[in-house]
Amino acid sequence: MGLIVQKFGGTSVADTAKIKNVAQAVIKEKLNGNNVIVVVSAMGHTTDNLLKLSKEITSNPSTREMDMLLSTGEQISMSLLAMAINEAGHSAVSLTGYQVGIKTENCHMCARIVDIETARVKKLLNEGKIVIVAGFQGVCEGNEITTLGRGGSDTTAVALACAFGADRCDIYSDVEGVYTADPRVIKTAKKLDKISYEEMLELARVGANVLHPRSVETAKPYKMPMRVRSSFKLDDLGTLIIGVEEMELNKPVTGFACDNSQIRIVICDVVDEPGNAAKLFNLLASKDLSVDMIIQSYARHSNNTNDIAFTIAKSDLDKFNSLKDDINNIVKASNILVDEDIAKVSIVGAGMIDRPGIAAKMFDTLATSNINIKMISTSEIKISCLVEKQYGELAAKVLCRAFDLDGAAIADVKGDLPD
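Only a predicted model underlies this, so the values are computations on that prediction, with no experimental measurement involved.

1. Description of unusual backbone geometry
With a phi angle near 50°, Lys223 is a residue other than glycine that sits in the positive phi range. You can see Lys223 is positioned in the loop between helix 9 (213-222) and strand 11 (226-230). One non-glycine residue with positive phi stands out, namely Lys332, at about 55°. Here Lys332 shows up in the loop between helix 12 (324-331) and strand 17 (335-339). For Lys332, a relative accessible area of 56% corresponds to the exposed category.

2. Structural notes on the packing of helix 7 (residues 152-163) against helix 9
For the pair helix 7 and helix 9, the least separation of the axes is 8 Å and the interaxial angle reads 15°. Classed by the angle they form, the pair helix 7 and helix 9 counts as roughly parallel. For the element pair helix 7 and helix 9, the recorded crossing hand is left-handed. Residues Asp154, Thr155, Val158, Ala159 and Cys162 of helix 7 form the contact with helix 9, whose participating residues are Arg214, Ser215, Thr218, Ala219 and Tyr222. By residue class, the composition of the contact of helix 7 with helix 9 is five nonpolar, three polar and two charged.

3. Describing the pairing of strand 8 (residues 144-147)
Alignment of strand 7 (residues 137-140) against strand 8, held across four bridges, turns out to be antiparallel. Opposite Val139, over in strand 8, you have Ile145 as the bridge partner. In this structure, the hairpin formed by strand 7 and strand 8 is closed by a connection of three residues, where Gly142 is found at a positive phi of approximately 80°.

4. Details of the sheet that holds strand 10 (residues 194-196)
Spatial ordering of the open sheet is given by 3-6-2-1-9-11-12-10, a layout of eight strands whose pairing is mixed. Two strands in the sheet have a free side with no partner beyond their single neighbour: strand 3 (92-95) and strand 10. Each strand axis lies, on average, 20° off the axis of its neighbour in the sheet, ignoring direction. Judged from the five bridges that link them, strand 1 (residues 3-8) and strand 9 (residues 168-173) form a sheet pairing that is parallel. The partner of Lys7 across the bridge, within strand 9, is Ile171. Packed on one face of the sheet, helix 4 (residues 72-87) meets strand 2 (35-40), strand 3 and strand 6 (130-134) and runs near 165° to strand 6.

5. As for the confidence of the model for the protein chain
Scored by pLDDT, the protein chain comes out at a mean of 91, with 95% of its residues at no less than 70. Predicted confidence for residues 409-419 stays below pLDDT 50, and this span has 13 contacts to residues more than four positions away or in other chains.

6. A look at helix 10 (residues 276-286)
Among the residues of helix 10, those classed as buried are Asn276, Leu280, Leu283 and Leu284. Seen along its axis, helix 10 keeps its buried residues to an arc of 100°; they face one direction. Elements that come into contact with the buried residues of helix 10 comprise strand 14 (262-271), strand 16 (305-313), helix 11 (317-321) and helix 12. At the C-terminal side of helix 10, Asp288 shows a positive phi close to 55°.

Reading guide: rules and limits
Residues numbered from 1 in each chain as written. Predicted model: local features only at pLDDT ≥ 70, side-chain atom pairs only at ≥ 80, totals over all residues. Heavy atoms only, no water. Helix = DSSP H or I, 4+ residues; strand = E, 2+ residues; numbered from the N terminus. Buried < 20%, exposed > 50% of the residue type's maximum accessible area, 1.4 Å probe, protein only. Axes fitted to C-alpha atoms, helices over the stretch in contact; angles between N-to-C directions. Parallel < 35°, antiparallel > 145°, perpendicular 65-115°, else oblique. Left-handed = near helix turned anticlockwise from the far one by under 90°. Contact = heavy atoms within 4.5 Å. Nonpolar A, V, L, I, M, F, W, Y, C, P; charged D, E, K, R; others polar. Pairing = 2+ DSSP bridges. pLDDT = per-residue confidence, 0-100. Arc of directions from axis to C-beta.

Structure representation (structure tokens):
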């Protein structure tokens, strides 16, 4: 008998009719002869509604109480799903992260899983029960409830799959798999049958909102196969995520992503001397402010200064603004510029390793469409460019056409060119 871990997102359990549909998907896997552990997110917009309620009380709630509040959403989903499975004639039991024994760091609202106890769940599985687990949550020292951050239910599912040596972890949502690009923008984007951990991780990091990056990071070292599937098309196997060594890399570029959730910061005229960059980024790190793309210009010989530019999440802008005086005191910048009118466009592919000309083709494609590049960052399998936000969709179209990611030629891209 195998073991399958299934995870169902908020859209999959948004109402009782959908929860009954999920129950049938779980029962189907059980009837296939497998033990089943199910991880659920909160119903629909429950988490957003809970956040809204907290703001009606206070603009500065304690992180501990926020974890206590937000962890309730998944408990509603898990208990209703267990009821639906039991009503259908099968035996299911629901457990919170605390009841399972999901141990996390001593950190609220963004904790990482450090250990999972297996005894209780193994006992329930041996009794023939389907185990439903609340995603997104765990417990730290002192039996304090913690949460893993938005999208953390994906990580819960993969961590459980690895801890129990599952055969596979299936992530169900309202999408049918991983596409070469966002199908809402590129209508003819192709669904991928397979993608590597490395490629999926890069796509997740650059804005493809299919999987939480930490879930892929967790799966990769354990070589845990994952499937991204639709809870509304249960016969569709979706996209399989496996190691790059098991892939046939026929194309240099596998996918495209556009991220509109970042802003660009430019720290102007920083004195070019050892330690200033370290002081700046240590300050940002001390406030849990994550930085993505970073560029430092060459020193200007006339005044021995340079500019340091980087990107952060829009949601961190208020936190950054509160640090401006500290930044000026540390690096003596002449000015700090904030540019919110940006989009990060990225191409990803394990096949681009040691394949010359990919960057040149990307830059030339953007230039031909009069799209100016503000910043560039690269890895072995990713190239990202910062462009003006108004050209994000056009960049998506021309790059997907250039790298054959759209499944069909775009009839008239020139009609979208800027004046």
